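Fold and contact review
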Amino acid sequence: MFNEKAQMMKGDKIRELQKEKMLKMVRYAHDNVPMYKRKFKEAGITPSDIKSIDDIHKIPFTVKDDLRDHYPYGILAVPKEKVVRFHASSGTTGTPTVVSYTRNDLDTWYDLMARTYNAAGVEPEDIVQNAYGYGLFTGGLGFHSGAEKLGCAVLPTATGNTKKQIKLMYDFQTNVLACTPSYAIYLSEAAENFGYKPAKDFNLRVGMFGAEPWSDEARASIQESFGLKAQDVYGMSELYGPGVAVECPKQNGLHIWGDEFYVETIDPISGEVLPEGEKGELVFTMLSREAMPLLRYRTKDIAVINYEECGCGRAHPRIMRIKGRSDDMLIIGGVNVFPSQIEAALLETEGIGEHYQIIVDRDVLDKLYVKAEVDRGHYESDEYDEEELLKRTSENITAVLNIRARVKLLEPGSIPRTVGKAKRVLDMREEHDRIEDV
Ligand SMILES: [Zn+2]
């Protein structure tokens with residue numbers, strides 16, 4: 001087992017280490033990052049006020065805007081000369097969020113990624129096909145370097161070039177596929193179109209899927225089509241990248257590597273820390289980041305944390321699968337709607353395929369439109385009862401959301417396919433608001 005000591009660390013040892021590292025990190029961030037010195041001062045505290053893990057709630061949150069405000073070099077705690085890597089995520093506002101790494105930060109990240117692969121069931125003998133995007137996005141290099149560190153052979157295919165992707169998957173008899181879940185669905189569909197039977201012709205055993213929320217139904221579909229174990233990987237560039245948390249083969253929550261990350265759950269509106277086991281926004285403190293320490297970083301991801309030891313023997317706390325981001329949540333006619341709920345309803349509807357698009361618009365009232373492709377493979381002939389399928393689809397959506405959706409059925413292949421993160425939600429209301437502003 002890779003870094004067995006860290007992977008199998010007992011709960012009391014994790015807590016002891018968290019306290020020790022946290023107290024050091026709080027002082028380090030305060031002394032080396034002007035932004036933290038200012039935040040502490042504004043909150044009327046000093047590092048000496050943080051004596052235990054429970055004192056951490058006294059420290060103000062760090063949010064994405066704090067990173068944007070420090071463009072281009074980010075929240076640096078070291079001289080620029082000590083930085084060996086930058087990554088950036090594109091922001092909707094135009095200013096990217098930049099993250100920086102020292103040599104030690106990269107070593108820590110790659111160790112986390114190697115553990116992440118290993119805990120998910122990947123072994124050093126495996127061939128890993130890495131179809132995440134290489135570049136400023138942390139997915140490509142993160143999944144690449146972690147697999148190498150574990151001892152795997154990496155095929156750095158990156159995203160796109162689907163035909164070659166599938167040929168290499170077949171010729172090399174790749175064991176592990178690393179990509180976004182939506183691209184995995186696309187790949188299996190494309191492989192079938194090229195005449196392959198993915199579960200039989202390919203040799204995939206484990207899928208390392210992350211960078212976007214996906215439903216249990218999407219997981220079941222990927223597992224069945226490729227005959228692999230589809231493992232959920234969690235992370236974000238602010239927290240090194242991927243490798244913050246991962247599912248073990250029990251597939252019952254994602255283990256957060258507690259020796260490197262301290263997690264809290266808060267009420268996203270009031271900011272109040274919630275008791276263990278309550279659903280809320282995840283907030284992370286990095287315990288050994290050199291270049292860019294982050295204290296109490298708000299992720300906007302909504303989940304429940306389970307602190308019980310897992311059946312796999314790991315005591316690292318588990319994120320019970322991320323069902324949506326507070327960012328992604330749509331408020332339609334006053335009702336909170338997560339796109340993943342609509343996805344779940346569609347996947348439960350027999351005769352509907354995996355590709356869909358959600359459009360929200362407004363004339364006087366908010367309106368929800370769902371475009372979904374018909375699963376032709378489900379029907380024996382070209383004929384199907386369109387009215388019946390429309391009725392069943394919108395009933396299934398209404399059953400989940402309690403609001404009515406206007407459903408449009410499309411032929412397979414009509415919805416544009418993406419290779420990176422899926423753009424499945426179009427909120428036209430923002431467009432109108434902008435026009436009205438002018
Ligand atoms: Zn486990």
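Residues numbered from 1 in each chain as written. Predicted model: local features only at pLDDT ≥ 70, side-chain atom pairs only at ≥ 80, totals over all residues. Heavy atoms only, no water.

1. Describing helix α3 (residues 34–43)
Those residues of α3 that sit buried are Met-35, Tyr-36, Lys-39 and Phe-40. On an axial view of α3, the arc spanned by its buried residues comes to 130°, and they lie on one face. Turned more than 90 degrees off the buried face of α3, the exposed positions are Pro-34, Lys-41 and Glu-42. On the buried face of α3, the contacting elements are α2 (11–32) and α4 (64–68). Positive phi shows up at Gly-44, right after α3, with a value of about 70°. (Buried < 20%, exposed > 50% of the residue type's maximum accessible area, 1.4 Å probe, protein only. Helix = DSSP H or I, 4+ residues; strand = E, 2+ residues; numbered from the N terminus. Arc of directions from axis to C-beta. Contact = heavy atoms within 4.5 Å.)

2. A short note on the domain arrangement of the protein chain
When its domains are assigned, the protein chain resolves into domain 1 (1–326) and domain 2 (330–437). Distance between the C-alpha centres of domain 1 and domain 2: 30 Å. (Domains from an automatic or database assignment.)

3. Details of the side chain of His-255
Here His-255 is to be found in strand β9 (residues 254–256). Here the side chain of His-255 touches His-316 through a polar contact of 2.9 Å, landing on its backbone oxygen. With near-sequence residues (within four places) excluded, His-255 lies in contact with Val-244, Ala-245, Val-246, Cys-248, Cys-310, Cys-312, Arg-314, His-316, Pro-317 and Arg-318. (Polar contact = N/O pair within 3.5 Å; in protein donor to acceptor, adjacent residues only side chain to side chain.)

4. Concerning the nonpolar core
Tyr-117, Met-208 and Phe-261 are the most contacted members of the largest nonpolar core, which totals 65 residues. The element that contributes the greatest number of residues to this core is helix α5 (residues 103–120), accounting for nine residues. Setting aside its immediate chain neighbours within four residues, Tyr-117 contacts Val-122, Val-128, Phe-143, Gly-146, Ala-147, Leu-150, Val-176, Ala-178 and Met-208. With 23 residues, the next largest nonpolar core counts Ala-345, Leu-346, Val-374 and Leu-409 among its residues. (Core = buried A, V, L, I, M, F, W, Y, C linked by side-chain atoms within 4.5 Å.)

5. Topic: the coordination of the zinc ion
For a metal bound by four donors in a tetrahedral arrangement, the ideal donor-metal-donor angle is 109.5 degrees, while six donors in an octahedral arrangement ideally sit at 90 or 180 degrees. Every protein donor of the zinc ion is listed here as Cys-248 (SG), His-255 (NE2), Cys-310 (SG) and Cys-312 (SG), and their distances to the metal cover 2.1 to 2.3 Å. Around the zinc ion, the four donor atoms are arranged such that angles at the metal cover 103 to 115°; this shape is classified as tetrahedral. Taken in sequence order, the residues that donate to the zinc ion follow the motif C-x6-H-x54-C-x1-C. Within this pair, whereas Cys-248 is found in the loop between β8 (241–247) and β9, its partner Cys-312 is found in the loop between β12 (297–306) and β13 (318–325), the two being separated by 64 residues in sequence. Of the residues examined, Cys-312 reaches a relative accessible area of 22% and is grouped as partly exposed. (Donors = N, O, S within 2.8 Å, 3.2 Å for Na, K, Ca; no water. Tetrahedral: all angles 85-135°; square planar, octahedral: opposite > 155°, others 65-115°.)

6. Here we look at the layout of surface pockets
Here the second largest pocket is characterised by a volume of approximately 650 Å³. What lines the second largest pocket is a set of 27 residues, among which Glu-189, Ser-221, Gly-353, Glu-354 and Asp-375 lie closest to the centre. At seven residues, the largest contribution of residues to the lining of the second largest pocket is made by helix α8 (residues 181–193). Grouping the constituent residues of the lining of the second largest pocket by class yields eight nonpolar, nine polar and ten charged. Counting the residues that make up the lining of the second largest pocket, at least three belong to each of domain 1 (1–326) and domain 2 (330–437). (1 Å grid on protein atoms, 1.4 Å probe; cavity = no way out; pocket = protein on both sides within 12 Å on 5 of 7 lines; lining within 4 Å. Points joined across faces, edges and corners; volume = space filled by probe spheres on them. Nonpolar A, V, L, I, M, F, W, Y, C, P; charged D, E, K, R; others polar.)

7. Quick look at the pairing of strand β6 (residues 206–210)
β6 sits mainly inside the fold: five of its five residues count as buried. Where burial is concerned, the two faces of β6 agree: the one with Val-206, Met-208 and Gly-210 and the one with Gly-207 and Phe-209 are both buried. Sheet topology places strand β5 (residues 176–179) next to β6; four bridges connect them, and they run parallel. Among the inter-strand pairings, Ala-178 is bridged to a residue of β6, identified as Met-208. Assessed by its sense of winding, the connection that carries the chain from β6 through helix α10 (residues 216–226) to strand β7 (residues 229–236) is right-handed. (Pairing = 2+ DSSP bridges. Right-handed = clockwise from strand over helix to strand, strands pointing away.)

8. Looking at the sheet that holds strand β17 (residues 366–374)
Overall, mixed pairing links the four strands, which are arranged β18-β17-β16-β19 in an open sheet. Among the strands making up the open sheet, the edge pair consists of β18 (405–410) and β19 (425–427). The average angle at which neighbouring strand axes cross in this sheet is 20°, direction not considered. Two elements, strand β16 (residues 352–362) and β17, share eight bridges in a ladder whose sense is antiparallel. In the strand pairing of β17, Ile-352 is matched with Val-374. Together, β16, β17 and β19 form the strand contacts of helix α11 (residues 339–347), whose direction differs from that of β16 by roughly 140°. (Axes fitted to C-alpha atoms, helices over the stretch in contact; angles between N-to-C directions.)

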